[in-house]
Amino acid sequence: MEKVKLINLPKIKDPRGNLSFFENSNHLPFEIKRTYWIYDVPGGEYRGGHAFKESHEFIVALSGSFDVVLHDGRQEIKYSLNRSYTGLYVPNLIWRRLENFSTNSLALIVSNIGYNEKDYIRGFDEFKKIKEDVEK
Ligand code: TYD
């Protein structure tokens with residue numbers, strides 16, 4: 001879990017409205033290959049519920065709030081994201097579940113690889129086994 005971290009992004013305060021941004025290399029520990037977003041999440045629903053073999057992600061609550069529950073095979077930790085200038089870096093081989101979405105929340109996610117179903121680990125037991133094997 002030690003590689004997981006919250007990253008504060010620049011916030012350019014302005015009476016006309018604030019502005020934040022991130023750039024490849026300068027703010028994230030990987031190069032961005034893909035961007036997607038999750039929105040219109042009905043109350044009580046969750047997203048994720050898997051880990052990635054190779055994909056690293058950076059998750060920002062651009063609007064509203066939600067929780068990111070992470071598991072590294074040993075321990076669980078919950079991050080509540082609710083600021084558009086703070087994101088969560090989640091490296092590969094970390095189980096994640098996004099839940100507790102507020103009304104109209106918008107989750108922006110960038111990844112270091114293109115979409116590839118083969119990169120998903122969708123079973124928690126399989127995930128734990130892979131973690132045990134890489135830590136041997
Ligand atoms: P999935 O990653 O399982 O959703 P969640 O964010 O809840 O973990 O993706 C749901 C579906 O969306 C999946 O079957 C394929 C599609 N999808 C893409 O085509 N491209 C993408 O970049 C992503 C993230 C998903």
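Scroll up to find the structure this text is about.
For the structure given in this document, a descriptive report is provided here. Per chain, residues are indexed from 1 in the order of the written sequence. For this predicted model, a pLDDT threshold of at least 70 governs which residues receive local features, and a threshold of 80 or more governs which side-chain atom pairs are given and counted, while totals over whole chains, interfaces and linings are taken from all residues. Hydrogens and waters are ignored; side-chain quantities use all the structure's heavy atoms.

Some details on the sheet that holds strand 12 (residues 120-121)
Operational definition: We treat two strands as partners when DSSP finds at least two bridges between them. Strands are runs of DSSP state E lasting at least two residues, helices are runs of H or I lasting at least four, and both sets are numbered from the N terminus onward.
Spatially, 5 strands are ordered 8-7-10-5-12 in an open sheet, and the strand pairing comes out antiparallel. A strand with exactly one partner marks an edge of an open sheet, and here the two such strands are strand 8 (76-81) and strand 12. One ladder, built from 6 bridges, connects strand 7 (residues 66-71) with strand 8; its direction is antiparallel. Looking across to strand 8, one finds that Phe 66 is bridged to Leu 81.

Digging into the sheet that holds strand 6 (residues 57-63)
Selection criterion: Axes here mean lines fitted to C-alpha atoms, for a helix over just the part in contact, with angles spanning 0 to 180 degrees between N-to-C directions.
Strand order in the open sheet formed by 5 strands is 1-9-6-11-4, and the pairing between neighbours is antiparallel. Both edges of this open sheet fall to strand 1 (5-8) and strand 4 (34-38), since each of them pairs with a single strand only. Here the average twist between neighbouring strands, direction ignored, is 25 degrees. Here strand 6 pairs with strand 11 (residues 106-111) via 6 bridges, running antiparallel. Note that in strand 11 the partner of Ser 63 across the bridge is Leu 106.

Details of the site of the ligand
Threshold: Being near a molecule or strand, for a residue, means having at least one of its heavy atoms within 4 Å of it. Here a polar contact is recorded for every N or O atom pair within 3.5 Å, except that within protein the pair must consist of a potential hydrogen donor and a potential acceptor, and residues adjacent in sequence are included only if both atoms are side-chain atoms. Accessible surface is estimated by sampling points in the Shrake-Rupley manner with a 1.4 Å probe; for residues, cover comes only from the protein chains shown. Residue polarity is assigned by list, with Asp, Glu, Lys and Arg as charged and Ala, Val, Leu, Ile, Met, Phe, Trp, Tyr, Cys and Pro as nonpolar; anything else, Gly included, falls into the polar class.
In the region of the ligand, the neighbouring residues are Arg 34, Tyr 36, Ile 38, Arg 47, Gly 48, His 50, Tyr 115, Tyr 120 and Arg 122. Take Arg 122: an N or O atom from its side chain is 3.0 Å from an oxygen atom of the ligand. Within the complex, the protein chains bury 63% of what would otherwise be the 520 Å² of accessible surface of the ligand. Elements represented by at least two residues in the shell around the ligand include exactly strand 4 and strand 5 (47-52). Residue composition of the shell around the ligand, grouped by class: 4 nonpolar, 2 polar and 3 charged.

A closer look at the layout of surface pockets
Over the atoms, a rolled probe matching the size of one water molecule traces out where space is still vacant. Inclusion rule: Using protein atoms alone on a 1 Å grid, points that fit a 1.4 Å probe yet trap it form a cavity, whereas open point sets bounded by protein on both sides within 12 Å along at least five of seven lines form a pocket; residues with an atom within 4 Å of a point count as lining. Grid points are joined across faces, edges and corners, and a volume is the space filled by probe spheres set on the points.
For the largest pocket, the calculated volume is near 250 Å³. When its residues are assigned to classes, the lining of the largest pocket shows 6 nonpolar, 1 polar and 6 charged. Computed from the structure, the second largest pocket encloses a volume of approximately 190 Å³. Together, Tyr 36, Ile 38, Arg 47, Gly 48, His 50, Glu 57, Ile 59, Arg 96, Leu 98, Ile 109, Tyr 120 and Arg 122 line the second largest pocket. For the lining of the second largest pocket, the element with the highest residue contribution is strand 5, accounting for 3 residues. Its residues assigned to classes, the lining of the second largest pocket comprises 6 nonpolar, 2 polar and 4 charged.

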